[in-house]
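Fold and geometry: a report
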Amino acid sequence: MPTASTREKIIEKADTLFYEGGFEATSFADIAAAVGISRGNFYHHFKAKDEILDAVIARRMDRTRMMLDTWQADGAQPRDRILSFIHLLIANRTRIMAFGCPVGTLCSELAKLEHGAQHRAAQIMGLFRDWLTGQFRALGMDQQAEARAMHLLTWSQGVAVMSSAFRDETFIEREVAGITQWLDDIIDDQTRHEGRICS
C-alpha cells in the first residue's frame, strides 16, 4: 500500500517539523524534503497545509489515547497512573528543553494565529484533563477532581515552558519531585478525611 505509507510518512514528518520549527514556519517544501518526495507527489496526498495540520492533530489524538490506555492498563493504583503523566517531564526532558511541550506549543501557536484548528488541538489537552480527572475521582476526590487535574496540567505546562527557557535539567527533576510530593500530600489528606468520616 505505497499510497498509504507515503501519506503516513508525510504526516509523521510534518508532526516533527511542526513541533521543532512551528506550524507557520514549516512549508510544503520543508515537509517534502524531509520525506524525500517531489512537490508533485506531495500535492497528490495533501492540497493545503491545513489538511496536513488536521492529520497531525488526529495523529496526536490517537497517540495520546493509546498512551493513556497504556497507563490505565499498567497502573495498579490511581497514584501510579498519575505518576506516569508526571514522569513524562523526565522521560521527554531533552526534547522539552529544546522545543517545549508538543501539545502546549501547538495550542499556543494556533491561538496566536487565530487558526480555526486551535480548538481541535486543545482537545488533545482535554484528553489529559479528562483522564486525570478520572484518576483523581478514583482517589475519592470527586468534588475537587477536575480542579486537581487542571492544577496538575498547569503545573506541568509551566515546567515545560521554564525548562525550555532555561535549559535546566535539574529544574525539571526538582519540579517533578515537588509535584510528586504535592500528589502524596493531597492523597494523605484525602485518606485522613475518609478516616474521620468512617470513625
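See above for the structure.
Residues numbered from 1 in each chain as written. Predicted model: local features only at pLDDT ≥ 70, side-chain atom pairs only at ≥ 80, totals over all residues. Heavy atoms only, no water.

1. Looking at the environment of L89
You can see L89 is positioned in helix α6 (residues 88–91). Assessed through its relative accessible area of 7%, L89 is described here as buried. Separated by 71 residues in sequence, L89 and F18 place their C-alpha atoms 20 Å apart. The contacts of L89, once residues within four sequence positions are left out, are I96, S156, V159, I172, V176 and I179. (Helix = DSSP H or I, 4+ residues; strand = E, 2+ residues; numbered from the N terminus. Buried < 20%, exposed > 50% of the residue type's maximum accessible area, 1.4 Å probe, protein only. Contact = heavy atoms within 4.5 Å.)

2. Regarding the layout of surface pockets
By volume, the largest pocket is sized at about 720 Å³. Lining the largest pocket are 25 residues, with M67, L88, N92, P102 and V103 sitting closest to its centre. Only α1 (2–21), α4 (49–74), α5 (78–86), α6, α7 (93–99), α8 (102–112), α9 (118–138) and α10 (145–166) provide two or more residues apiece to the lining of the largest pocket. If one sorts the elements of the lining of the largest pocket by residue count, α4 sits on top with 5 residues. (1 Å grid on protein atoms, 1.4 Å probe; cavity = no way out; pocket = protein on both sides within 12 Å on 5 of 7 lines; lining within 4 Å. Points joined across faces, edges and corners; volume = space filled by probe spheres on them.)

3. Here's the deal with the packing of α5 against α9
Look at α5 against α9: their axes get within 9 Å of each other, and the N-to-C directions meet at 155°. In this view, α5 runs roughly antiparallel relative to α9, as classed from their interaxial angle. The handedness of the crossing between α5 and α9 is left-handed. Only F128, W131, L132, Q135, F136 and A138 of α9 make contact with α5, whose side of the interface consists of P78, R81, I82 and F85. Across the contact of α5 with α9, the residue classes break down as 8 nonpolar, 1 polar and 1 charged. (Axes fitted to C-alpha atoms, helices over the stretch in contact; angles between N-to-C directions. Parallel < 35°, antiparallel > 145°, perpendicular 65-115°, else oblique. Left-handed = near helix turned anticlockwise from the far one by under 90°. Nonpolar A, V, L, I, M, F, W, Y, C, P; charged D, E, K, R; others polar.)

4. Considering α4
Between the first and last C-alpha of α4 there are 37 Å, a value that for 26 residues agrees with the 38 Å anticipated at 1.5 Å per step. Taken together, the buried positions of α4 are K49, I52, L53, A55, V56, I57, R60, M61, T64, L68 and W71. (Expected span 1.5 Å × (residues − 1).)

5. A closer look at α9
Counted at 1.5 Å a residue, the expected span for α9 with its 21 residues is 30 Å, and the 31 Å between its end C-alpha atoms agrees. Along α9, the largest kink reaches about 30° and is centred on M125. All of the buried residues along α9 are A121, I124, M125, G126, L127, F128, W131, L132, T133, Q135 and F136. Looking one or two residues beyond α9, the residue adopting positive phi is G140, at roughly 90°. (Bend = angle between axes of the 7 residues up to and from the residue.)

6. Section: a nonpolar patch on the surface
Where nonpolar side chains cluster on the molecular surface, the patch consists of V161, M162 and F166 and spans about 320 Å² of accessible area. Mapping M162 onto the fold places it in helix α10. (Patch = residues over 30% accessible without salt bridge, like charges linked within 9 Å, V, L, I, M, F, W, Y side chains within 5 Å. Areas by Shrake-Rupley, 256 points an atom, 1.4 Å probe, with all protein chains shown as cover. Salt bridge = Lys/Arg side-chain N within 4 Å of Asp/Glu carboxyl O.)

7. Quick word on the packing of aromatic side chains
Counted by the stated rule, this structure contains 10 aromatic pairs. With 6.2 Å between their ring centres and 85° between their planes, F42 and Y43 make a pair best called edge-to-face. Relative accessible area serves as the criterion here: at 0%, F42 is assigned to the buried category. Under the relative-accessibility criterion, Y43 is labelled partly exposed at 31%. Look at W155 and W182: their rings are 6.1 Å apart centre to centre, the planes differ by 65°, and that puts the pair in the edge-to-face class. (Phe/Tyr/Trp six-rings, centres within 6.5 Å; stacked < 30°, edge-to-face > 60°.)

8. Details of the state of the cysteines
Inspection of every chain in the model, using the stated rule, returns 0 disulfides. With no disulfide partner, C101 has as its closest neighbouring cysteine sulfur the one in C107, 8.1 Å distant. Assessed through its relative accessible area of 15%, C101 is described here as buried. Judged by relative accessible area, which is 11%, C107 ranks as buried. (Disulfide = S-S within 2.5 Å.)

9. Concerning unusual backbone geometry
For residues besides glycine, phi is generally negative; the peptide bonds are generally trans as well. Unlike most non-glycine residues, E114 shows phi in positive territory, near 50°. Positionally, E114 belongs in the loop between α8 and α9. Residue class for E114 comes out exposed when judged on its relative accessible area of 73%. Positive phi is not limited to glycine here, since R167 has a value of about 50°.

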